[in-house]
Amino acid sequence: MYFADFGLALSSGFELSSTEAEFLSDHLSYDRCDAVSHLLRHHLPDGLRGGGEHQAFLREWIAGNRPAGVPREIAALLDRHSPAAVIIGEFQRRWLTVSKRTPFPAAEIEQVSGTGAAASH
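Everything in this summary refers to the structure shown in the same document.

So, how was this worked out
- Residues numbered from 1 in each chain as written.
- Predicted model: local features only at pLDDT ≥ 70, side-chain atom pairs only at ≥ 80, totals over all residues.
- Heavy atoms only, no water.
- Helix = DSSP H or I, 4+ residues; strand = E, 2+ residues; numbered from the N terminus.
- Buried < 20%, exposed > 50% of the residue type's maximum accessible area, 1.4 Å probe, protein only.
- Contact = heavy atoms within 4.5 Å.
- Axes fitted to C-alpha atoms, helices over the stretch in contact; angles between N-to-C directions.
- Parallel < 35°, antiparallel > 145°, perpendicular 65-115°, else oblique.
- Nonpolar A, V, L, I, M, F, W, Y, C, P; charged D, E, K, R; others polar.
- Arc of directions from axis to C-beta.
- Polar contact = N/O pair within 3.5 Å; in protein donor to acceptor, adjacent residues only side chain to side chain.
- Salt bridge = Lys/Arg side-chain N within 4 Å of Asp/Glu carboxyl O.
- Core = buried A, V, L, I, M, F, W, Y, C linked by side-chain atoms within 4.5 Å.
- Phe/Tyr/Trp six-rings, centres within 6.5 Å; stacked < 30°, edge-to-face > 60°.
- Lys NZ or Arg CZ within 6 Å of the ring centre and 35° of its normal.

## Focus: the overall build of the chain
And then number 1: On a plain count of helices and strands, the chain comes out with five helices and zero strands.
And then number 2: Secondary structure elements in the chain, listed N-terminal to C-terminal, are α-α-α-α-α.
And then number 3: Here the chain holds 121 residues, and the buried ones make up 27% of them.
And then number 4: Sequence-distant contacts in the chain: of pairs separated by 6 or more residues, those separated by 24 or more amount to 54%.

See the structure below:
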């Protein structure tokens, strides 16, 4: 996984139009959610999902249907980040396949994360 700081693209340190400021405020949790979604999608141990589709595995995990033998540390990551990863995965699917105007689900992510958007940075 690579991390980059593209913060100058939309930084609160610049004078932003009201539209830009609203966009920034609505998307503060995107980077964090995208990073953990990537972590859960691409860096779980081989075989953990049992060959199942990623989103389906996360939905089953959230519902309490969990494979045996998942290491405690990985289970804790899944417990903490699966709800937001499911939401961001669905958002990205809709954005890519339905419309580039698909609204970012900031309120849903905030609800499952238990943190305000400001706390995510």
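Let us keep going from here.
## Examining the packing of helix α2 (residues 30-42) against helix α3 (residues 54-63)
And then number 1: With their axes 10 Å apart at the nearest point, α2 and α3 run at an angle of 100° to one another. Our classification of the angle between α2 and α3 gives roughly perpendicular. Together, S37, L40 and R41 of α2 and H54, Q55 and L58 of α3 make up the contact between the two elements.
And then number 2: Classifying every residue of the contact of α2 with α3 by side-chain character gives two nonpolar, three polar and one charged.

## Concerning α3
And then number 1: The complete set of buried residues in α3 reads H54, Q55, F57, L58 and W61. Seen along its axis, α3 keeps its buried residues to an arc of 160°; they face one direction.
And then number 2: As for α3, its buried residues are in contact with α2 and α4 (72-97).
And then number 3: For α3, the capping residue at the N-terminal end is E53, with a side-chain oxygen 3.1 Å from the backbone nitrogen of Q55.
And then number 4: Backbone geometry just downstream of α3 places G64 in the positive-phi region, at approximately 100°.

## Considerations on the packing of α2 against α4
And then number 1: Where α2 meets α4, the axes come as close as 8 Å, and the angle between the chain directions of the two elements is 105°. The orientation of α2 relative to α4 falls into the category roughly perpendicular. Packed against α2, whose contacting residues are Y30, C33, D34, V36, S37, L39 and L40, the element α4 presents L77, L78, H81, S82, A84, A85, I88, F91 and Q92 at the interface.
And then number 2: Of the residues contributing to the contact of α2 with α4, the split by class is eleven nonpolar, four polar and one charged.

## Regarding the pattern of salt bridges
And then number 1: Within the structure shown, the criterion is met by three salt bridges.
And then number 2: Residue E90 pairs with R93 through a salt bridge whose shortest N-O separation is 2.5 Å. Residue E90 and its partner R93 are both found in helix α4; the two are separated by three residues, about one turn of the helix.
And then number 3: Residue R94 pairs with E90 through a salt bridge whose shortest N-O separation is 3.7 Å. A residue pair is termed a helical-turn pair when its members lie 3 or 4 positions apart in one helix, as R94 and E90 do in helix α4 at four residues.

## Brief notes about the nonpolar core
And then number 1: With twelve residues, the main nonpolar core is built from L40, L44, L48, F57, L58, W61, V70, I74, A75, L78, A85 and V86.
And then number 2: Broken down by element, this core gets its largest block of residues, five residues, from α4.
And then number 3: Those residues in contact with L78, other than ones at most four positions away along the chain, are L40, L44, L48, F57, L58, W61, V70 and P83.
And then number 4: Counting residues in hydrophobic clusters, the runner-up holds seven residues, among them A84, I87, I88 and I109.

## A few points about the packing of aromatic side chains
And then number 1: Using the criterion set out here, one finds three aromatic pairs in the structure.
And then number 2: Ring centres of Y30 and F104 lie 5.7 Å apart, and the angle between their planes is 65°; on these two criteria the pair is classed as edge-to-face. Placement of the pair is Y30 in helix α2 and F104 in the loop between α4 and α5 (106-113), with a sequence separation of 74 residues.
And then number 3: Summarising the aromatic geometry, the rings of F91 and F104 are spaced 5.3 Å apart at their centres and angled 90° between planes, so their arrangement reads as edge-to-face. Of this pair, F91 sits in helix α4 while F104 sits in the loop between α4 and α5, and the two are 13 residues apart along the sequence. In this pair, the class of F91 matches that of F104, namely buried.
And then number 4: A cation sits over an aromatic face here: K100 above W95, 4.0 Å from the ring centre.

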